[in-house]
Amino acid sequence: LLGNYDDLEKFIEEVVKASNRGVSAARNVSGEPNWSFGQSLFFSSTVVTTIGYGHVTPLSKGGKIFCILYAMLGIPLTLVLLTALVERLMVPATMLLQFLNSRLGHLYQPFNIRLLHLFLVGTLLVSIFFLAPAAVFAYIEPEWDFLDSLYYCFISLTTIGLGDYIPGDSPNQPYRPIYKVCTTGYLLVGLTFMMLTLTVFYDIPQLNFGLFFLMRSDETTGDPEKVRLQTPGAVGPKYTQQLDDSGIGGRRSVVRVKSRRDDSPSPEDTTPVHARP
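The protein chain is annotated in an unreviewed UniProt entry as Potassium channel subfamily K member 1 from Diploptera punctata. Check the Sequence similarities (unreviewed entry) section of the UniProt entry for the protein chain; it says "Belongs to the two pore domain potassium channel (TC 1.A.1.8) family."

Spelled out as structure tokens, the structure:
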């Protein structure tokens, strides 16, 4: 009986190894290789975005070394790209805040207007990048229901990447390479909008809990980075600021959120550098 268990364990190990090499264990036939263009692009995107599902991994020593070097170079560049995109997307987001201020500034406190602004951006994120893609995945994936698809979208866009649900890995998946490329695009755009929502959240001083962890001695420090952190709504120089300050499509605009009452706890808000149109 013990020998049977050992044989079963060895058999399972072989099945796992075969699955990692693109062999379908369910139907005992070879499926599409894991390293086709679509699969490889999908794997590359999960590495540089730090999602890292772990369902497909390099097996050779050369592949592992290349993956390390690729991640060391690709992850910082991807973060730079996403940050630059978020800075540009803050322009229409700030225009929305200006519109809300012009219509509601005489009725509500600045904090309440910023909460409404955050709610609208968050609603857009949930609708376009969670609910709508979840419905698409539930329709395409034969074994996923809506909850499974919504779970996948959340786990992916929060970069948790558990790897228990992977799109396009079902047997006989039609148009698998195109499907993988489209999923890669969804992940990149979704991560950008997720970062935008977090930026809008952190631009509200009352919700930026990191300010509470600043030491009192930091208030008089000469470190410009610490001064920026302890000043609500202040943003230090960024790599795109040179374009904005040189006058190439840039002019300084200020968002002032005013209310009828002066009992708001928030100071006068200015548009961050990255939100200048």
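Visitor: Looking at this model, I keep getting lost on the environment of Leu82. Mind explaining?
Guide: Structurally, Leu82 is set in helix H3 (residues 61-104). Through-space distance from the C-alpha of Leu82 to that of Phe193 is 9.2 Å; in sequence the pair is 111 residues apart. Residues in contact with Leu82, not counting those within four places in the same chain, are Leu188, Thr192 and Met195.

Visitor: How should helix H4 (residues 110-140) be read in this particular structure?
Guide: Owing to its 3.6 residues per turn, the α-helix aligns residues three or four sequence positions apart on the same side. Relative to the 45 Å expected for 31 residues at 1.5 Å per residue, H4 spans 44 Å between its end C-alpha atoms, a close match to the ideal helical length. Along H4, the sharpest change in direction is near 30° and occurs at Ser127.

Visitor: Teacher, can you tell me more about unusual backbone geometry here?
Guide: Residues apart from glycine generally show negative phi values, whereas peptide bonds are mostly found in trans. Phi is positive for Thr159, close to 60°, though the residue is something other than glycine. Although it is not a glycine, Tyr175 sits at a positive phi angle of roughly 55°. By the secondary structure assignment, Tyr175 is in the loop between helix H5 (146-157) and helix H6 (176-202).

Visitor: Is there a simple way to think about the packing of H3 against H4 in this case?
Guide: Axes are the key here: two packed helices are described by the angle between their axes and the distance separating the axes. One can describe the packing of H3 onto H4 by two numbers: an axis separation of 10 Å at closest approach and a directional angle of 135°. Between H3 and H4, the crossing angle belongs to the class labelled oblique. Judged by the twist between their axes, the crossing of H3 over H4 is right-handed. Residues Ala93, Leu96, Leu97, Leu100, Asn101 and Leu104 of H3 form the contact with H4, whose own contacting residues are Ile113, Arg114, Leu116, His117 and Leu120. For the contact of H3 with H4, the residue count by class is eight nonpolar, two polar and one charged.

Visitor: Explanation requested: the environment of Pro76 in the structure shown.
Guide: Mapped onto the elements, Pro76 comes out in helix H3. Put simply, Pro76 and Thr49 are 27 residues apart on the chain and 9.4 Å apart in space, counted from C-alpha to C-alpha.

Visitor: Please clarify how the nonpolar core should be interpreted in this entry.
Guide: If you look at soluble globular proteins, the nonpolar side chains tend to sit buried side by side. Counting residues in each nonpolar core, the largest one holds 29 residues, and the members touching the most others are Tyr152, Leu157 and Leu187. For this core, the secondary-structure elements that each account for two or more residues are H3, H4, H5 and H6. Apart from residues lying up to four places away in sequence, Leu187 is in contact with Phe42, Ile51, Tyr53, Tyr152, Ser156 and Leu157.

What counts as what
- Residues numbered from 1 in each chain as written.
- Predicted model: local features only at pLDDT ≥ 70, side-chain atom pairs only at ≥ 80, totals over all residues.
- Heavy atoms only, no water.
- UniProt positions renumbered as here; feature names shortened; annotations may be inferred.
- Helix = DSSP H or I, 4+ residues; strand = E, 2+ residues; numbered from the N terminus.
- Contact = heavy atoms within 4.5 Å.
- Expected span 1.5 Å × (residues − 1).
- Bend = angle between axes of the 7 residues up to and from the residue.
- Axes fitted to C-alpha atoms, helices over the stretch in contact; angles between N-to-C directions.
- Parallel < 35°, antiparallel > 145°, perpendicular 65-115°, else oblique.
- Left-handed = near helix turned anticlockwise from the far one by under 90°.
- Nonpolar A, V, L, I, M, F, W, Y, C, P; charged D, E, K, R; others polar.
- Core = buried A, V, L, I, M, F, W, Y, C linked by side-chain atoms within 4.5 Å.
- Buried < 20%, exposed > 50% of the residue type's maximum accessible area, 1.4 Å probe, protein only.

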